[in-house]
Amino acid sequence: MTFQYARKATHKVYRYDRLEGITGSDDVSNETWLFACPHDDDIAIGGGLWMKAACEAGVDVHLLAATDGRMGYCSLDEQGTIAQTRAAELVESCKRLGLTDESKIHLLGFPDCNLSRYLGRRPAEQGEPEFAGYTGLQNAFVQQLRSIKPHRLFMPSPMDYHPDHQIVHNEMQISLFHAAGEIWPELGDPTEVPAVYELAIYCDFPDPPNLQLKCTEDQFQAKLDAIACYKSQKQIDMLVQKVKDAGPVEYLREVNFKFYSATAYLHLFED
Ligand SMILES: [Zn+2]
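Model, not experiment: these values are computed from the prediction.

In this section: the pairing of strand β4 (residues 60–67). Buried residues dominate β4, accounting for seven of its eight residues. Note that strand β3 (residues 32–37) and β4 share six bridges and pair parallel. Paired with tryptophan 33 across the two strands is valine 61, which belongs to β4. In this fold, β3 hands off to helix α2 (residues 42–56), which returns the chain to β4; that crossover is right-handed. By the bridge criterion, four bridges tie β4 to strand β5 (residues 105–110) in an arrangement that is parallel. Looking at β5, one finds that leucine 64 is bridged to histidine 106. With helix α3 (residues 82–96) bridging β4 and the parallel β5, this β-α-β connection has right-handed handedness.

Quick look at α2 now. Spanning 15 residues, α2 covers 20 Å between terminal C-alpha atoms, matching the ideal 21 Å at 1.5 Å per step. Remark: the principal bend of α2, roughly 80°, maps to glycine 48. Counting buried positions along α2 gives 13 out of 15 residues, so the element sits mostly inside the fold. Downstream of α2 by a residue or two, glycine 58 has a phi angle that is positive, lying close to 85°.

Attention shifts here to the packing of α2 against helix α6 (residues 217–228). Direction vectors running N to C along α2 and α6 enclose 135°, while the axes themselves pass 9 Å from each other. Judged on the interaxial angle alone, α6 and α2 are oblique. The hand of the α2/α6 crossing is right-handed. Contact with α2, carried on its side by Ala44, Ile45, Gly48, Leu49 and Lys52, involves Gln219, Ala222, Lys223, Ala226 and Ile227 of α6 and no other residues of that element. Each residue belonging to the contact of α2 with α6 can be placed in one class, and the counts come to six nonpolar, two polar and two charged.

Taking strand neighbours across the sheet as the criterion, the nine strands line up as β2-β1-β10-β11-β9-β8-β3-β4-β5 in an open arrangement whose pairing is mixed. Both outer strands of the open sheet, β2 (13–16) and β5, are each paired with one neighbouring strand and no more. Across this sheet, the average inter-strand angle for adjacent strands is 20°, counted without regard to direction.

Quick look at the packing of helix α4 (residues 137–148) against helix α5 (residues 163–179) now. Where α4 contacts α5, the axes come no closer than 9 Å and their chain directions differ by 55°. In terms of axis orientation, α4 runs oblique to α5. When the axes of α4 and α5 are compared, the crossing they make is right-handed. Of the residues in α5, those in contact with Leu137, Gln138, Phe141, Val142, Leu145 and Arg146 of α4 are Glu171, Met172, Ile174, Ser175, Leu176, His178 and Ala179.

It is worth spelling out the pairing of strand β11 (residues 249–255) at this point. Bridge count between strand β9 (residues 195–199) and β11: three bridges; the pairing is antiparallel. Bridge pairing in β11 links glutamate 198 to arginine 253. Across four bridges, the pairing between strand β10 (residues 211–214) and β11 is antiparallel. Across the sheet, leucine 211 pairs through a bridge with leucine 252, a residue of β11.

Here we take up unusual backbone geometry. With a phi angle near 55°, alanine 132 is a residue other than glycine that sits in the positive phi range. Summarising the element assignment, alanine 132 is placed in the loop between β6 (122–123) and β7 (134–135).

Conventions used here
- Residues numbered from 1 in each chain as written.
- Predicted model: local features only at pLDDT ≥ 70, side-chain atom pairs only at ≥ 80, totals over all residues.
- Buried ≥ 20, exposed ≤ 12 C-beta atoms within 10 Å, placed from the backbone.
- Helix = DSSP H or I, 4+ residues; strand = E, 2+ residues; numbered from the N terminus.
- Pairing = 2+ DSSP bridges.
- Right-handed = clockwise from strand over helix to strand, strands pointing away.
- Expected span 1.5 Å × (residues − 1).
- Bend = angle between axes of the 7 residues up to and from the residue.
- Axes fitted to C-alpha atoms, helices over the stretch in contact; angles between N-to-C directions.
- Parallel < 35°, antiparallel > 145°, perpendicular 65-115°, else oblique.
- Left-handed = near helix turned anticlockwise from the far one by under 90°.
- Contact = placed C-beta atoms within 7 Å.
- Nonpolar A, V, L, I, M, F, W, Y, C, P; charged D, E, K, R; others polar.

What follows is the structure, encoded as structure tokens:
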């Protein structure tokens with residue numbers, strides 16, 4: 001058995017043994033997928049199996065981590081070095097999941113636990129993460145979306161407990177809109193809006209997921225090995241135990257990402 005996929009529809013569950021089946025893609029090896037998160041360890045915990053499956057299927061996989069993890073120290077003598085430690089742990093973890101090309105790991109360097117200062121976009125001050133003279137999550141996300149041009153985007157759900165997760169979700173949503181338009185031309189040419197999927201990391205999905213992945217114990221062990229690379233992150237032990245208890249299964253929630261049209265509500269007011 002390799003990866004097995006299931007799609008929950010209203011009255012039926014459809015099962016597939018290939019990513020093409022579950023995604024509706026003609027050939028996923030022609031696609032680019034972006035896993036976007038605030039912290040280095042989020043994707044391994046919430047979507048490591050989906051990422052591993054994508055890498056094995058030949059997808060051009062990228063990972064974007066918005067923060068530098070500077071607040072993730074569990075002993076006082078790590079305070080000055082934790083960001084570098086976590087960056088190295090991320091590279092090792094990604095290897096376990098099949099992402100071996102470090103140029104596809106994008107560390108944006110925003111301050112961990114302090115993303116609210118970086119909502120939107122503004123001229124960068126000395127020492128702030130910047131691109132084209134500007135800082136802010138929308139500046140960075142639009143530049144990354146136009147550069148990577150993902151067909152599919154995976155990110156934490158908007159309800160996840162950690163505020164950094166909520167902020168990445170919210171800022172990414174408007175960045176998808178900006179990246180597809182003509183605004184801020186110094187950040188690259190407009191790009192298509194990708195298919196969007198939510199991951200659950202700290203808490204349940206706000207609405208039930210509709211896509212499931214199951215795999216072998218060996219493949220699941222690769223995910224556990226990927227999480228174990230984050231030796232510095234002792235505070236996630238409770239999450240890791242939950243992952244172990246759940247076994248070789250992960251979920252996604254497909255997001256019907258579209259822009260507002262008043263036609264959506266016409267039928268509510270018909271006689
Ligand atoms: Zn996180």
